[in-house]
Amino acid sequence: MTKRLAEDPQKKAAILKTALHEFAINGYGASTDLIAVKAGVSKGTVFRYFANKATLYSEVVDAALDNVMNQADLTVWTESTDLVSMIVRATQYKLELAQRFPDEFALLIAVYKNDDNLPDGSGEKLHRTFGQWTKENVDRLINPVFDRLKIRPELDKQVVRRYLLNNVKSMTERAQSYLQSHPDVKSIDQMTELITEIKMEMDIIEHGIVANGSGDDLY
């Protein structure tokens, strides 16, 4: 029986770091030959640590998530006083995180948008896993703010919560798309138009579209 060689944590870390950069730039089409060369290992070593390219990609996505979440200050979301400030503060903070973790954000946005054409249905599985992770964390981040809102007593809180989550998700996706298509944006001041629209939409959600005392004008 061939004795299995012990893993070298430094080599594995180098492969993951290099693969993250290459996948972020080139998507799943990144060359494993180039990843091996830049990581300073042989291609055989890459596949000794990772069974195949799909496994490597999946582990890189997991590592990217961990890198961002281990550094993220979640109080930016959870300690916001209302929905408008939460969206604005979160957008500003995402800008800061995107500048600190450019490869992680590029890769995670690609996975979230399901841009990569992975083989054998692994893309769908990866996207589903990432979607579940996103849902769990969105719930965790938004729930504290939602619990502080003064909901009209006649409304079903679960219906209101679902409505708010759908709208927040839509706004978050729009902000992510904006950042992806405007890589030169470095501060919230450069997103004035988008932030103004988001503030107006959140104001509509919280206060409606009909002016006080104007209800009779509809009939």
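Residues numbered from 1 in each chain as written. Predicted model: local features only at pLDDT ≥ 70, side-chain atom pairs only at ≥ 80, totals over all residues. Heavy atoms only, no water.

Caption draft 1: Expanded view of the packing of helix α6 (residues 83–100) against helix α10 (residues 192–207). Between α6 and α10, whose axes approach to 9 Å, the crossing angle comes to 155 degrees. In terms of their interaxial angle, α6 and α10 are classed as roughly antiparallel. Pair α6 / α10 crosses with right-handed handedness. Across the interface between the two elements, Leu-83, Val-84, Ile-87, Val-88 and Thr-91 from α6 touch Ile-195, Ile-198, Lys-199, Met-202, Asp-203 and Glu-206 from α10. (Axes fitted to C-alpha atoms, helices over the stretch in contact; angles between N-to-C directions. Helix = DSSP H or I, 4+ residues; strand = E, 2+ residues; numbered from the N terminus. Parallel < 35°, antiparallel > 145°, perpendicular 65-115°, else oblique. Left-handed = near helix turned anticlockwise from the far one by under 90°. Contact = heavy atoms within 4.5 Å.)

Caption draft 2: Highlighting the packing of helix α1 (residues 9–26) against helix α2 (residues 32–39). Packing of α1 against α2 leaves a shortest axis separation of 9 Å and a crossing angle of 130 degrees. When the axes of α1 and α2 are compared, the pair comes out oblique. Crossing angle aside, the handedness with which α1 passes α2 is right-handed. Between α1 and α2, the residues in contact are Ala-14, Ile-15, Thr-18, Ala-19, Glu-22 and Phe-23 and Leu-34, Ile-35, Lys-38 and Ala-39, respectively. Residue composition of the contact of α1 with α2, grouped by class: seven nonpolar, one polar and two charged. (Nonpolar A, V, L, I, M, F, W, Y, C, P; charged D, E, K, R; others polar.)

Caption draft 3: Representation of α1 in the model. The end-to-end C-alpha distance of α1, which contains 18 residues, comes to 25 Å, matching closely the 26 Å that a straight helix rising 1.5 Å per residue would cover. Looking only at α1, the buried set comprises Ile-15, Leu-16, Thr-18, Ala-19, Leu-20, Glu-22, Phe-23 and Ala-24. Its side-chain oxygen at 2.9 Å from the backbone nitrogen of Gln-10, Asp-8 defines the N-terminal cap of α1. Once α1 finishes, Gly-27 follows within two positions and takes phi at roughly 70 degrees, a positive value. (Expected span 1.5 Å × (residues − 1). Buried < 20%, exposed > 50% of the residue type's maximum accessible area, 1.4 Å probe, protein only. Polar contact = N/O pair within 3.5 Å; in protein donor to acceptor, adjacent residues only side chain to side chain.)

Caption draft 4: Molecular detail of the nonpolar core. Counting residues in hydrophobic clusters, the biggest one holds 57 residues, and the most contacted among them are Ile-15, Phe-23, Leu-56, Tyr-57, Val-60, Met-86 and Leu-107. When near neighbours in sequence (up to four residues on either side) are disregarded, Leu-107 contacts Leu-20, Phe-23, Ala-24, Tyr-57, Val-60, Val-61 and Ala-64. (Core = buried A, V, L, I, M, F, W, Y, C linked by side-chain atoms within 4.5 Å.)

Caption draft 5: Up close: the confidence of the model for the protein. Chain-level pLDDT for the protein is 82 on average; 88% of the residues reach the 70-or-more range. The secondary structure element of the protein with the lowest average pLDDT is helix α8 (residues 122–148), at 75, and the one with the highest is α2, at 96. (pLDDT = per-residue confidence, 0-100.)

Caption draft 6: Looking closely at the pattern of salt bridges. Applying the stated rule across the entire model yields three salt bridges. Between Glu-154 and Arg-152 there is a salt bridge, with the nearest N and O atoms lying 2.8 Å from each other. Accessibility expressed as a relative area gives 54% for Glu-154, which makes it exposed. (Salt bridge = Lys/Arg side-chain N within 4 Å of Asp/Glu carboxyl O.)

Caption draft 7: Examining the packing of aromatic side chains more closely. Applying the stated criterion to the full structure yields four aromatic pairs. Ring geometry for Phe-23 and Tyr-57: centres 4.8 Å apart, planes at 75 degrees, overall edge-to-face. On the criterion of sequence distance, the pair formed by Phe-23 in helix α1 and Tyr-57 in helix α4 (residues 53–71) is long-range, its members being 34 residues apart. Measuring from centroid to centroid gives 5.4 Å for Tyr-28 and Tyr-57, while their planes differ by 80 degrees, and the two rings are edge-to-face. Linking Tyr-28 in the loop between α1 and α2 with Tyr-57 in helix α4, this pair joins segments that are 29 residues apart in sequence. Taking relative accessible area as the criterion, Tyr-28 reaches 12% and is therefore assigned buried. Judged by its relative accessible area of 1%, Tyr-57 is buried. These aromatic residues form a ring-pair network of at least three members: Phe-23, Tyr-28 and Tyr-57. Over the face of the ring belonging to Tyr-49 we find Arg-48, whose NZ or CZ atom lies 4.7 Å from the ring centre. Just above the ring of Tyr-28 sits the side chain of Lys-53; from NZ or CZ to the centre is 4.8 Å. (Phe/Tyr/Trp six-rings, centres within 6.5 Å; stacked < 30°, edge-to-face > 60°. Lys NZ or Arg CZ within 6 Å of the ring centre and 35° of its normal.)

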